[in-house]
Amino acid sequence: MRTLTFAQALNEALKQEMRRDPTIYVAGEDVGVYGGIFGVTAGLLQEFGEDRVRDTPITESAIIGSAVGAAAGGLRPVAELMFIDFIGVALDQLYNQAAKMKYMFGGKARLPIVLRTTCGAGMCAAAQHSQSLEAWFMHIPGLKVVVPSTPYDAKGLLITAIRDDNPVVFIEHKMLYGMEGEVPEEPYTIPFGQADIKREGSDVTVVATMAMVHKALTAAEELAKEGISVEVVDPRTLTPLDVETIVNSVKKTRRLVVVHEAVKQGGAGGEIVASVVEEAFDYLDAPPKRVAAPFTPVPFSPVLEQAFIPSVEKIVAAVKEVVA
Amino acid sequence: MSIEPENLLWMYTTMLTIRRFEEKVGELFAVGKVPGFVHLYIGEEAVATGVCAHLRKDDYITSTHRGHGHLIAKGGDLKLMMAELFGRRTGYCKGKGGSMHIADVDLGILGANGIVGGGPPIAAGAALAAKYRGAGQVAVCFLGDGASNQGTFHEGVNLASVWKLPAIFVVENNMYGISLSQTRSMRVQDIADRAAAYDIPGFVVDGNDVIAVYEAAGEAIRRARAGEGPTLIECKTYRYRGHFEGDPMIYRTREEEEMWKAKDPIPRFQAKLLEMGVLTEAKAKEINDRIVAQVEEAVRFAEASPWPALEELLEDVYTVAA
């Protein structure tokens, strides 16, 4: 099968969906002429024109808010928030407006909105361009939260997101854009709420998201040399969360480590661990562990930034602790 | 501008319907039948009415926490509104929204809104959908003087301007954001002056004169339908009640209130219609009696309606694929 980068896979998903459905449009900062600062929307303007590929001013509230109004008016916006860190200036339009409208209106609103955004550290972009804030969105009923880790998942999940009739926050880790992987040419969907077992194992379950999936896989490779068999589970969507697959894995391995790049306190890991403890407490042979960033803003200096990001070594150490 | 008598009577009837509905809601709130927060539109009826007189069913509006008047003027059903205010399952939102979130998407009413300034970006988006569809629809954003200080107002109007969207931003300047007077919340006297920042037309209108509102809105909506872009209309008006029912109103004088009550938009318009011969005292009484009966019917409907079933708590969070 041919390979694409993560960014190319997203780009192909956008193009194929826009060809299929003329009500889909893309709007955001530098998505048109520039093709997106990470190149995800490259070529869209040339193919679909200015009506459907809209460069916006730097106006995050209006980017999200106009997507809400346009969706209520029958379009299917794919809005881009350049960095997830920028949600702070625009959160009301997402969490008070988009997320709640259907419920507040007694079920009558249909809001097919995709909000694409980038997260993550690794580019020395410092504290306001590097955060992993996925847990914020998990806390809001009415939103779906998608966290792809591979080019294959990125394409399939984005197509599913665009076809979904709910507001979907689609989070792309910026260090994954250049990663290559096999991606089918034809459009395909990946159902939300269906975790993917990225590596099968029997001694410990490692649940990891986005860039951390790959570190978990590297850690699993190293641990295999020492005779420790690691199962790596990628939830792929945090809302809905496939608790069943995670719990079934833990019932098999009897041990759990959760890895994410977001700070540990209040992170998705707490929710995942709590769900497993609620449903499979008696199966656990060791206390679950979380490997996550420390409770600090993301530092700038490459030395500090690398210390902030959970490492393969830390995952290996955590696994060894739970299997000890 | 010459206005057809039937339009004049529609406006008179609509303003009076809003007034009687709101008076009844105030009464019911006082005796505990309407839970939650209630913000009444009494005194501002000419604004919603003069604007919505031009709107088609498929035009959009975004409303505010003080939204009952907009909904009625856009064609909202009194029974479904009242049932919603009572928190009943027959209400517009099945009892899940209440006063601040009443919506009827089928009538283009994209919701009252509990967030001051929540509407402008959404209205810009609805206007974008309208432009995209190319069927001559418009989106009207109602907002208050207080909302015009929010960043979302700037972002919504700017986007509508730069994309030349068929949007009309109608500022209902009732001079107070809860307790803070306009003179203490901004340096400009006329919020319409802010239109210059977006290179769009801005008009100041006597918001207690429904004909003045009708004429300004007519021009703005004509421009929007013709693809000439957005307009900002500031309607100077006054809320006769507090910000919410129960507001002690220690921030304004009784003299000021009396001065504005002398400019009450409904008696003013009624006098004009009587003078024009469009209305007679007998006809006015007949209209009033009919509205009172409709409002009473709405109350009976609401009171007789069931509460939501408890399992409905968990419904309507997400749209489930068919």
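Residues numbered from 1 in each chain as written. Chains lettered and ligands numbered in written order. Predicted model: local features only at pLDDT ≥ 70, side-chain atom pairs only at ≥ 80, totals over all residues. Heavy atoms only, no water.

### Here's the deal with the overall build of chain A
Keep this limit in mind: Secondary structure elements follow DSSP: runs of H or I of four or more residues count as helices, runs of E of two or more count as strands, with numbering from the N terminus. In this treatment the radius of gyration is a C-alpha quantity, and the globule benchmark scales as 2.2 Å times the residue count to the 0.38 power. The buried label applies to any residue whose accessible area, calculated with a 1.4 Å probe on protein chains only, is under 20% of its type's maximum; exposed applies above 50%, and partly exposed to all values in between. Pairs of residues are marked as contacts when any of their non-hydrogen atoms sit within 4.5 Å. The Shrake-Rupley method, run with a 1.4 Å probe, gives the accessible areas here. Residue values count only the displayed protein chains as cover. Only four residue types enter the tally: Lys and Arg on the positive side, Asp and Glu on the negative side, with His and both chain ends excluded. Charge positions are represented by NZ for Lys, CZ for Arg, CG for Asp and CD for Glu.
When you go through chain A residue by residue, the secondary structure sums to 11 helices and 14 strands. Against the compact-globule benchmark of 20 Å for 324 residues, chain A has a radius of gyration of 19 Å, which places it among compact chains. Expressed as lengths along the three principal axes of its C-alpha atoms, the size of chain A is roughly 60 × 45 × 40 Å. Residue burial in chain A is summarised as follows: out of 324 residues, 63% are buried. The long-range share in chain A, meaning contacts at least 24 apart out of those at least 6 apart in sequence, stands at 83%. For chain A, the accessible area works out to roughly 11700 Å², and carbon and sulfur atoms hold 53% of it. If you average the places of the 30 positive and of the 41 negative side-chain charges in chain A, the two averages end up 3 Å apart.

### Thoughts on the pairing of strand β11 (residues 230-234) of chain A
Residue and element names in this part refer to chain A. Spelled out, the test is: DSSP calls a pair of strands paired once it identifies at least 2 bridges connecting them. Here is how to tell: hold the view so the strands point away, follow the path from the first strand over the helix to the second, and if it runs clockwise the crossover is right-handed.
Within β11, five of the five residues are buried, leaving the element largely enclosed by the surrounding structure. Going residue by residue along β11, you find Val230, Val232 and Asp234 tucked away on one face and Glu231 and Val233 tucked away on the opposite face as well. Sheet topology note: the strand β9 (residues 196-199)/β11 ladder contains three bridges and is antiparallel. Counterpart to arginine 199 in the pairing with β11 is valine 232. Relative to β11, strand β10 (residues 204-208) runs parallel, the two being bridged by four bridges. Bridge assignment links threonine 205 to a residue of β11, and that residue is glutamate 231. For the crossover that starts at β10, traverses helix α7 (residues 211-225) and ends in the parallel β11, the hand is right-handed.

### Some remarks on helix α11 (residues 281-304) of chain B
Residues and elements named next belong to chain B. The cut-off we apply is this: Working rule for helices: expected span equals 1.5 Å times residues minus one.
Taking 1.5 Å of rise per residue, the 24 residues of α11 would be expected to cover 34 Å, and the 34 Å separating its terminal C-alpha atoms lies within 8% of that figure. Regarding α11, the residues found buried are Ala284, Ile287, Ile291, Val295, Ala298, Val299 and Ala302. Residues of α11 that are buried in the fold lie against α1 (5-30), α4 (78-85) and α10 (265-276).

### Comments concerning the side chain of A:Ser61
Selection criterion: Any N or O atom pair separated by 3.5 Å or less is treated as a polar contact, with the protein-specific requirement of one donor-capable and one acceptor-capable atom, and with residues adjacent in sequence counted only for side-chain atom pairs.
The topology assignment puts A:Ser61 in helix α3 (residues 60-72). Classification of A:Ser61 as buried rests on a relative accessible area of 5%. Only 3.0 Å separates the side chain of A:Ser61 from the backbone oxygen of A:Val89, close enough to count as a polar contact. When near neighbours in sequence (up to four residues on either side) are disregarded, A:Ser61 contacts A:Ser66, A:Val89, A:Ala90, A:Gln93, B:Pro121, B:Thr152 and B:Glu155.

### Considerations on α10(B)
Residues and elements named next belong to chain B. As a reminder, the rule being used: The arc refers to the directions leading from the helix axis to the C-beta atoms.
The end-to-end C-alpha distance of α10, which contains 12 residues, comes to 16 Å, matching closely the 16 Å that a straight helix rising 1.5 Å per residue would cover. What α10 keeps buried is the set Pro265, Ile266, Phe269 and Leu273. Seen from one end, α10 has its buried residues packed into an arc of 90 degrees, which puts them on one side. On the buried face of α10, the contacting elements are α1, α2 (45-52) and α8 (210-225). Residue aspartate 264 occupies the N-cap position of α10, its side-chain oxygen lying 3.0 Å from the main-chain nitrogen of isoleucine 266. Immediately downstream of α10, the backbone of glycine 277 shows phi near 80 degrees, a positive value.

### Overview of the sheet that holds strand β7 (residues 168-173) of chain A
Sheets are built from strands that pair by backbone hydrogen bonding, the pairs being arranged parallel or antiparallel. Residues and elements named next belong to chain A. Just so we agree on the cut-off: Working convention: axes come from line fits to C-alpha atoms, limited for helices to the stretch in contact. Angles between N-to-C directions cover 0 to 180 degrees.
Strand order in this open sheet of seven strands is β3-β2-β4-β5-β7-β6-β12, and the pairing throughout is mixed. Each edge of the open sheet carries a strand with a single partner, namely β3 (53-55) and β12 (237-239). Put simply, the sheet's adjacent strands are angled 20 degrees from each other on average, direction ignored. Pairing geometry for strand β6 (residues 144-146) and β12, over two bridges, is antiparallel. Across the sheet, the residue bridging to valine 145 is threonine 239, located in β12. Packing against the sheet, α3 makes contact with β2 (24-28), β4 (76-81) and β5 (114-119), and its axis sits at approximately 170 degrees to β4.

### Examining the packing of α3(A) against helix α4 (residues 91-104) of chain A
Residue and element names in this part refer to chain A. To be explicit about the condition: The labels follow the angle: roughly parallel below 35 degrees, roughly antiparallel above 145, roughly perpendicular from 65 to 115, and oblique for the rest. As a working rule, the residues Ala, Val, Leu, Ile, Met, Phe, Trp, Tyr, Cys and Pro are called nonpolar, Asp, Glu, Lys and Arg charged, and the rest polar, with Gly in that last group.
Two elements in contact, α3 and α4, have axes separated by 10 Å at closest approach and are oriented at 10 degrees. Considered as vectors, α3 and α4 are oriented roughly parallel to each other. For the pair formed by α3 and α4, the contact residues are Ser61, Ile64, Gly65 and Val68 on the first element and Gln93, Leu94, Ala98 and Met101 on the second. For the contact of α3 with α4, the residue count by class is five nonpolar, three polar and no charged.

### What about the domain arrangement of chain A?
Interfaces are often sized by the amount of accessible area the parts lose when they come together. Residues and elements named next belong to chain A. Keep this limit in mind: Domain segmentation is taken from an automatic or database assignment of domains. Throughout, buried area stands for the accessible area (probe radius 1.4 Å) lost by two parts on being put together, summed over both. When a carboxyl oxygen of Asp or Glu is within 4 Å of a side-chain nitrogen of Lys or Arg, the pair counts as a salt bridge.
Parsing chain A into structural domains produces domain 1 (3-182) and domain 2 (196-323). In this structure, domain 1 and domain 2 have C-alpha centres spaced 26 Å apart. On the side of domain 2, 28 residues touch domain 1, which itself brings 29 residues to the contact. Of the roughly 2200 Å² buried between domain 1 and domain 2, counting both surfaces, carbon and sulfur atoms make up 66%. Here domain 1 and domain 2 share two salt bridges between them. Between aspartate 153 and lysine 198 there is a salt bridge whose closest N-O contact spans 2.6 Å. Scanning the region where domain 1 abuts domain 2 turns up 13 residue pairs in polar contact (both at pLDDT 80 or more). Among the secondary structure elements, those contributing two or more residues to the side of domain 1 that touches domain 2 are α5 (134-138), β6, α6 (151-163) and β7. Taken together, the residues that form the side of domain 1 that touches domain 2 break down as 18 nonpolar, eight polar and three charged.

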